[in-house]
Amino acid sequence: MSVKSIVAKIYAKLVVNRIRRWSSRPEETQRKVFNTLIATAADTAFGRDHGFQHIKEYSDFTERVPIRDYEESKSYIDRVVAGESNILWPGKPLYFAKTSGTTSGAKYIPLTKASMPAHINAARNAILCYIAETGKASFVNGKMIFLQGSPEMTEKNGVKLGRLSGIVAHYVPKYLQKNRLPSWETNCISDWENKVDAIVAETETKNMTLISGIPSWVQMYFERLKVKTGKPIGELFPNFELFIYGGVNYEPYRAKFEQLIGRKIPSIELYPASEGFFAFQDRQDEEGMLLQLNSGIFYEFVEASGFFDENPKRLTIGSVKTGVNYVMIVSSNAGLWAYNVGDTVQFTSLHPPRVMVSGRIKHFISAFGEHVIGKEVEEAMKQAVAAHGFSISEFTVAPQTEPEEGALPYHEWLIEFDTPPISLLEVARTLDQAMQQQNSYYFDLIEGAILQPLRITSLPQHSFSRYMKSQGKLGGQNKVPRLSNDRKIANELHTFKA
């Protein structure tokens with residue numbers, strides 16, 4: 001065993017013990033974070049405007065600070081972007097993480113000196129928890145790769161600007177620099193397809209032990225490796241032993257990954273976002289990811305079913321329940337206050353608090369009152385893959401509200417199969433049954449002949465990558481929405497049909 005492996009195991013035990021201390025006292029941990037945030041930001045423009053000096057209890061905060069999304073926070077963020085100091089958080093941010101907005105165009109999320117360490121430490125701690133639990137640490141001696149955005153940055157009014165994954169690349173610890181791939185030059189390639197080809201050329205002969213990225217883009221990397229070398233990934237990289245992912249559910253891709261690799265690979269799920277690193281999988285034998293309660297983020301939760309009510313009830317970590325769909329609201333040391341991240345989560349356990357991402361509050365289907373969420377369609381796909389033995393590259397679901405004359409409306413599942421099933425009709429039947437079992441509204445609509453059972457549209461290979469490229473969102477941290485309540489994405493994908 002190498003010295004690096006021995007040190008990793010010792011350090012992992014120390015870190016896990018620290019994690020257990022704060023995660024075993026969630027309410028106390030969050031109360032300390034809340035008090036620190038309010039005290040630190042009291043003299044900022046936002047703090048003065050909202051009377052932070054008068055906030056003594058959480059109830060004071062909910063009375064003074066309404067829930068806001070990016071658009072509603074924009075008047076303050078624009079002042080920060082313009083170069084003003086002490087607006088949302090003391091001083092100026094270190095960076096702006098640039099993300100794609102829907103109605104506002106580009107979004108600029110501040111990253112501060114106080115918030116940056118959480119983005120780095122959470123990913124590190126996820127790996128250390130894995131080492132402590134499994135005793136496996138040999139992968140730290142090999143090469144590691146994270147498929148990410150370009151680390152190149154521009155500047156806006158004295159503050160550096162870039163994609164979150166590219167910003168984080170500047171913080172790779174020195175002890176990992178020799179292990180890290182691809183090279184800086186390759187990481188800076190802007191065209192995603194050219195970048196993947198360059199990564200293939202750079203890594204095909206290396207001792208890759210850890211690979212990380214969004215599953216759909218890692219799958220593209222694996223497929224190109226296999227085409228170029230003619231070997232399964234597990235043979236090409238015999239010491240590859242850990243896959244780390246985030247952004248989307250891995251389950252729809254798992255069968256294809258195992259086929260490409262030639263064996264099963266342990267995995268760790270992360271929940272990073274520009275607004276904060278919210279959670280990571282801390283145990284292999286537990287469902288869900290450990291919510292990061294001590295990382296300068298104060299969490300609130302609103303039941304998704306009542307989120308759009310006039311005065312939705314806001315809950316703290318001590319009042320949540322398992323199995324309920326919540327919209328997650330955050331206040332943080334990056335200067336976000338009662339900020340609607342847009343994600344919905346469900347708690348899988350409360351002691352310690354673990355969550356799974358169930359979807360997006362704006363990504364759902366309820367064209368007929370069915371309230372279908374991302375978690376449900378992904379679970380249905382998981383069951384269908386297990387039952388029928390096919391594999392997919394990608395899929396999305398949309399309502400068809402204007403079917404052919406005389407037919408009932410339905411949900412259209414647009415699927416790009418990698419290994420197609422024997423019968424699309426049988427797969428559709430399995431998907432529909434799984435949806436009815438999970439969603440009582442959908443069941444009632446099918447039973448009441450308001451909807452007909454779902455239909456599958458099989459798309460040609462590379463349809464989704466062509467769609468994402470057409471939108472300027474190919475690669476990096478970009479993801480295809482699982483659900484849409486309109487036909488915009490579905491209609492675009494139909495143009496790629498043979």
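As a reminder, the structure under discussion sits directly above these lines.
Notes on the structure in this doc start here. (Residues numbered from 1 in each chain as written. Predicted model: local features only at pLDDT ≥ 70, side-chain atom pairs only at ≥ 80, totals over all residues. Heavy atoms only, no water.)

1. Things to note about the overall build of the protein chain
Our working definition: In this text, helices come from DSSP runs of H or I with a minimum length of four residues, and strands from runs of E with a minimum of two, each type numbered from the N-terminal end. Taken over C-alpha atoms, the radius of gyration is set against a globule rule of 2.2 Å times the number of residues to the power 0.38. Partly exposed residues are those whose accessible area sits between 20% and 50% of the maximum for their type, while under 20% is buried and over 50% is exposed, using a 1.4 Å probe and protein chains only. By the convention used here, residues are in contact when the closest approach between their heavy atoms is within 4.5 Å. In this description, accessible areas are obtained by the Shrake-Rupley approach with a 1.4 Å probe, and a residue is regarded as covered only by the protein chains that are shown. For the charge count, each Lys or Arg is scored as positive and each Asp or Glu as negative, with His and the chain ends excluded. To locate a charge, take atom NZ for lysine, CZ for arginine, CG for aspartate or CD for glutamate.
Along the protein chain, the regular secondary structure elements total 18 helices and 18 strands. For the protein chain, the C-alpha radius of gyration of 23 Å lies close to 23 Å, the compact-globule estimate for 498 residues. Overall, the protein chain is about 65 × 60 × 45 Å in size when its C-alpha atoms are taken along their principal axes. By the burial criterion, 54% of the 498 residues in the protein chain qualify as buried. The contacts of the protein chain with a sequence gap of at least 6 include a subset with a gap of at least 24, amounting to 67%. In the form shown here, the protein chain has an accessible surface area of approximately 21800 Å², with 50% of it arising from carbon and sulfur atoms. Charge centroids of the protein chain, computed over 57 positive and 54 negative side chains, lie 9 Å from each other.

2. Concerning the pattern of salt bridges
What counts is decided by this rule: Salt bridges are defined as contacts in which a side-chain nitrogen from Lys or Arg sits within 4 Å of a carboxyl oxygen from Asp or Glu.
Under the defined criterion, the tally for this structure stands at 22 salt bridges. A salt bridge links Arg25 to Glu28; the shortest N-O distance between them is 3.4 Å. Classification of Arg25 as partly exposed rests on a relative accessible area of 39%. Notably, a salt bridge pairs Glu204 with Lys228, separated by 2.8 Å at the nearest N-O pair. Residue Glu204 is located in the loop between α10 (192–203) and β7 (208–212), and its partner Lys228 is located in helix α11 (residues 215–229); the two are separated by 24 residues in the primary sequence. Taking the relative accessible area as the measure of exposure, Glu204 reaches 19% and is therefore buried. On the basis of relative accessible area, Lys228 is assigned to the partly exposed category, the value being 48%. Residues participating in the shared-partner salt-bridge network are Glu193, Asp197, Arg224 and Lys469.

3. Thoughts on empty space enclosed by the protein
Short version of the rule: Cavities and pockets are defined on a 1 Å grid built over the protein atoms alone: a cavity is a set of grid points where a 1.4 Å probe fits but cannot escape, while a pocket is an open set with protein on both sides within 12 Å along at least five of seven lines, and lining residues are those with an atom within 4 Å of any such point. Grid points are joined across faces, edges and corners, and a volume is the space filled by probe spheres set on the points. Each residue gets one of three labels, nonpolar for Ala, Val, Leu, Ile, Met, Phe, Trp, Tyr, Cys and Pro, charged for Asp, Glu, Lys and Arg, and polar for the others, Gly among them.
Here the structure, examined in full by the defined rule, presents three cavities of 30 Å³ or more. Space inside the largest cavity adds up to approximately 80 Å³. Lining the largest cavity are 13 residues, with Val80, Leu88, Trp89, Gly91 and Pro93 sitting closest to its centre. Split into classes, the residues belonging to the lining of the largest cavity amount to eight nonpolar, three polar and two charged.

4. Concerning the packing of aromatic side chains
Any two aromatic rings considered together are summarised by their centre-to-centre distance and by the angle between their planes. Under the convention used in this document: Two rings from Phe, Tyr or Trp (for Trp, the six-membered ring) form a pair when their centres are within 6.5 Å of each other. A pair whose planes differ by under 30 degrees is stacked, one over 60 is edge-to-face, and the rest are tilted. Criterion for a charge above a ring: Lys NZ or Arg CZ within 6 Å of the ring centre, and within 35 degrees of the ring normal.
Per the stated rule, a full pass over the model turns up 30 aromatic pairs. Arranged with centres 6.1 Å apart and planes meeting at 75 degrees, the rings of Tyr326 and Phe347 form a pair that is edge-to-face. Placement of the pair is Tyr326 in strand β13 (residues 326–332) and Phe347 in strand β14 (residues 339–350), with a sequence separation of 21 residues. Judged by relative accessible area, Tyr326 falls into the buried class, the value being 1%. For Phe347, a relative accessible area of 2% translates into the label buried. An aromatic cluster of three or more residues is present, and its members are Tyr221, Phe222, Phe240, Phe243, Tyr245, Tyr250 and Phe257. The ring of Tyr410 carries Arg455 above its face, with NZ or CZ at 4.4 Å from the centroid.

5. Here's the deal with the sheet that holds strand β16 (residues 391–400)
Stated formally: Two strands are said to pair when DSSP picks up at least two bridges between them. Under this scheme, a helix contributes an axis fitted over its contacting stretch, all axes are lines through C-alpha atoms, and angles between N-to-C directions fall in the 0 to 180 degree range.
Reading across from one edge, β16-β17-β18 is the order of the three strands in this open sheet, with mixed pairing throughout. Strands with a single pairing partner mark the edges of an open sheet, and in this sheet they are β16 and β18 (455–458). Put simply, the sheet's adjacent strands are angled 25 degrees from each other on average, direction ignored. One ladder, built from nine bridges, connects β16 with strand β17 (residues 410–419); its direction is antiparallel. Its bridge partner being in β17, Phe395 is matched across the sheet by Ile415.

6. Remarks on the packing of α10 against α11
Spelled out, the test is: In what follows, roughly perpendicular refers to angles from 65 to 115 degrees, roughly parallel to angles under 35, roughly antiparallel to angles over 145, and oblique to any angle outside these ranges. Should the near helix be turned counterclockwise from the far one by less than a right angle, the crossing is left-handed, whereas a clockwise turn marks it as right-handed.
Where α10 contacts α11, the two axes come as close as 10 Å, and the packing angle between them is 55 degrees. Considered as vectors, α10 and α11 are oriented oblique to each other. Here α10 and α11 pass one another in a crossing that is right-handed. Within the contact between the two elements, α10 uses Trp192, Glu193, Val196, Asp197, Ile199, Val200, Ala201 and Thr203 and α11 uses Trp217, Met220, Tyr221, Arg224, Leu225 and Lys228. Residue classes in the contact of α10 with α11 are distributed as nine nonpolar, one polar and four charged.

7. Some points on the environment of Ala338
With respect to the helices and strands, Ala338 occurs in the loop between β13 and β14. Ala338 sits in the buried class, given a relative accessible area of 0%. In this structure the C-alpha to C-alpha distance between Ala338 and Thr62, which are 276 residues apart in sequence, comes to 8.6 Å.

8. Notes on helix α14 (residues 374–388)
Put simply, the rule is: One fewer than the residue count of a helix, multiplied by 1.5 Å, yields its expected span.
Between the first and last C-alpha of α14 there are 21 Å, a value that for 15 residues agrees with the 21 Å anticipated at 1.5 Å per step. The complete set of buried residues in α14 reads Gly374, Glu376, Val377, Glu378, Ala380, Met381, Ala384 and Val385. In this structure, the buried residues of α14 make contact with α13 (251–261), β15 (353–360), β16, β17 and α15 (424–438). Positive backbone phi, approximately 70 degrees, marks Gly389, located one or two places after α14.

9. Focus: the layout of surface pockets
Within this model, the second largest pocket holds a volume of roughly 500 Å³. If you go around the second largest pocket, you meet 20 residues; those closest to its centre are Ala304, Ser305, Asn325, His371 and Ile373. Partitioned by chemical class, the residues of the lining of the second largest pocket number eight nonpolar, nine polar and three charged.

10. Notes on the nonpolar core
To be explicit about the condition: Here, the term nonpolar core denotes a set of buried Ala, Val, Leu, Ile, Met, Phe, Trp, Tyr and Cys residues that are joined through side-chain atoms within 4.5 Å.
Grouped together as the largest cluster of nonpolar side chains are 86 residues, with contacts concentrated most on Phe301 and Trp337. Here this core gets eight residues from one element, more than from any other, and that element is helix α6 (residues 116–134). Ranked by size, the runner-up nonpolar core spans 41 residues in total, among them Ile233, Tyr245, Ile265 and Ala490.

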